[in-house]
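# Chain and residue survey
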Amino acid sequence: MSILSATLTRVKPSPTIAVSTLAAELKAQGRDVIGLGAGEPDFDTPDNIKAAAKAAIDAGKTKYTAPDGIAELKQAISNKFARENGLSYTPAQISVGTGGKQILYNALMATLNPGDEVIIPAPYWVSYPDMVLLAGGEPVVVECGIETGFKMTPQALEAAITPRTKWLIFNSPSNPTGAGYTRDELKALTDVLMRHSHVWVMSDDMYEHLVFDGFEFCTPAEVEPGLYDRTLTCNGVSKAYAMTGWRIGYAGGPQELIAAMRKIQSQSTSNPCSVSQWAAVEALTGPQDFLAENKVVFQRRRDLVVEMLNAAEGLTCPVPEGAFYVYPSIAGCIGKTSPAGTEITDDEAFARALLEETGVAVVFGAAFGLSPNFRVSYATSDAALKDACTRIQGFCAALA
Ligand SMILES: Cc1ncc(COP(=O)(O)O)c(C=O)c1O
């Protein structure tokens, strides 16, 4: 009998981490590799946040904390929700976890019974279906293609709802496409949810601050206050404040759910890192200029990448509203053969040949549930992006 649990056989390791690992291995072998796989800003954490962490260490704030966060951070998050989202969550309605990932995981663990369905629009962030499976639920994947801008239509949502639906996981701007829902598009979805009172919404707002061309970010509980009692509004400091390694994410939601999430956390990780929590207090209450400065850099990179990828033979790259990803289609490359002899049968073959033959690491679309595409993370220097896109253009032109 295997030592491993049956549940584990239902899930796969994160493919995005696998790509980063393979790229790192090739680099270690001396290959000239450009990694466009990692989903993290290349900026350093701002100095004021680092200083707050150092001060916390010096002040001895190095002990266990309350399981789901110190009072000061919960208050800072409550203020953030009011200030930026027009949402009123008391500190008792807030949970802080070890990254946005743990928050989502806790919520699913706290709510799913065997057979419960969770609607996940595809392309999706790689962890959603596997977290649902780990929690004993059933992912219901709804493909949202390039023709609808990778966004779910109200008709598609309506068709996916069954009596067993527990959650819709909503992510805007999206990883992996960067697609952001306008207020009207989101309202059309919340109108559907208003007709199905048993369905809750888990809104993953991780890329809230990375929106371009004046795009207005919005979140379900704000767009439809009637959903407030069945919405978990999730966010974190990882992407906006370049704090991926600090591991702080948070959510606001109904008190009963927040208490259940606290119970899970108290029996697993106890609490998020105390020093990181003090750093997050500074991130949310300190100067916010960093956000606007970053946005300008990311928008410039997005424009550069979209233009260069659209100039590559066989690729079509929509212009995303936010995040730091693009999700070009490789439909025009399928059936061709690479210079080294790989037949491009699907996006996985494309990404593998691209990495092996040009040293550019991207993540294939099948990992995100929608093919044939690949994801580029443009959270890297302009020079590296230009070099990588030039190599991609060369690779596509050489396909025969
Ligand atoms: C859509 C989305 N949600 C959540 C997360 C998790 O963020 P964290 O690093 O805070 O766990 C990520 C990270 O890649 C993400 O892309």
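Note that this is a predicted model, so its numbers are computed, not measured.

Turning our attention to the site of the ligand. Of all residues adjacent to the ligand, which total 13 residues, the nearest are Gly-100, Asp-204, Tyr-207, Ser-238 and Lys-239. In the model, an oxygen atom of the ligand is placed 2.8 Å from a nitrogen or oxygen of the Arg-247 side chain. Starting from 390 Å² of accessible surface for the ligand in isolation, the protein chains cover 92%. Here the ligand occupies the largest pocket. Its residues assigned to classes, the shell around the ligand comprises 4 nonpolar, 5 polar and 4 charged.

Turning next to the nonpolar core. Within the largest apolar cluster, 78 residues are counted, with the highest numbers of intra-cluster contacts made by Leu-108, Met-202, Leu-232, Leu-309, Leu-315 and Phe-350. Aside from chain neighbours lying at most four places away, what touches Leu-315 is Leu-309, Asn-310, Ser-329, Ile-330, Cys-333, Phe-350, Phe-374, Ile-392 and Cys-396. One finds Ile-70, Ile-94, Val-275 and Trp-278 within the second-largest nonpolar core, a separate group that totals 30 residues.

Judged by pairing direction, the sheet is antiparallel, and its 3 strands sit side by side in the order β9-β12-β11 without closing on themselves. Looking along the sheet, the strands with just one partner apiece sit at the ends: β9 (325-326) and β11 (363-364). Here 2 bridges tie β11 to strand β12 (residues 374-377), and the two strands are oriented antiparallel to one another. Bridge pairing links Val-363 to Arg-375 in β12.

Conventions we followed
In every chain, residue numbers begin from 1 and rise along the written sequence. Predicted model: local features are reported for residues with pLDDT of at least 70 only, side-chain atom pairs are reported and counted for 80 or more only, and whole-chain, interface and lining totals are derived from all residues. Calculation of side-chain values draws on the structure's entire complement of heavy atoms; hydrogens and water are dropped beforehand. Whether a residue is near a molecule or strand is decided by its heavy atoms; if any one of them lies within 4 Å of it, the residue is near. By the criterion applied in these results, polar contacts are pairs of N or O atoms within 3.5 Å in which, for protein atoms, one can donate a hydrogen and the other can accept it, and in which residues neighboring in sequence qualify only through two side-chain atoms. Each accessible area is a Shrake-Rupley estimate made with a 1.4 Å probe; only the visible protein chains count as cover when residues are assessed. Both site types are read off a 1 Å grid over the protein atoms alone. A 1.4 Å probe that fits but cannot get out defines a cavity, while an open set with protein on both sides within 12 Å along at least five of seven lines defines a pocket; lining residues have an atom within 4 Å of a point. Grid points define the cavity or pocket, and a molecule sits in it when more than half of its atoms lie within 2 Å of them. When residues are sorted by character, Ala, Val, Leu, Ile, Met, Phe, Trp, Tyr, Cys and Pro go into the nonpolar class, Asp, Glu, Lys and Arg into the charged class, and all the rest, Gly among them, into the polar class. Buried residues of nine kinds, namely Ala, Val, Leu, Ile, Met, Phe, Trp, Tyr and Cys, make up a nonpolar core once their side-chain atoms join them within 4.5 Å. Under the scheme applied here, a residue whose accessible area is under 20% of the maximum for its type counts as buried, over 50% as exposed, and between as partly exposed, the area being computed with a 1.4 Å probe on protein chains only. We call two residues in contact whenever any of their non-hydrogen atoms come within 4.5 Å of each other. What makes two strands pair is DSSP finding at least two bridges between them. Here a strand is any run of E in DSSP of at least two residues, a helix any run of H or I of at least four, and the numbering for each starts at the N terminus.

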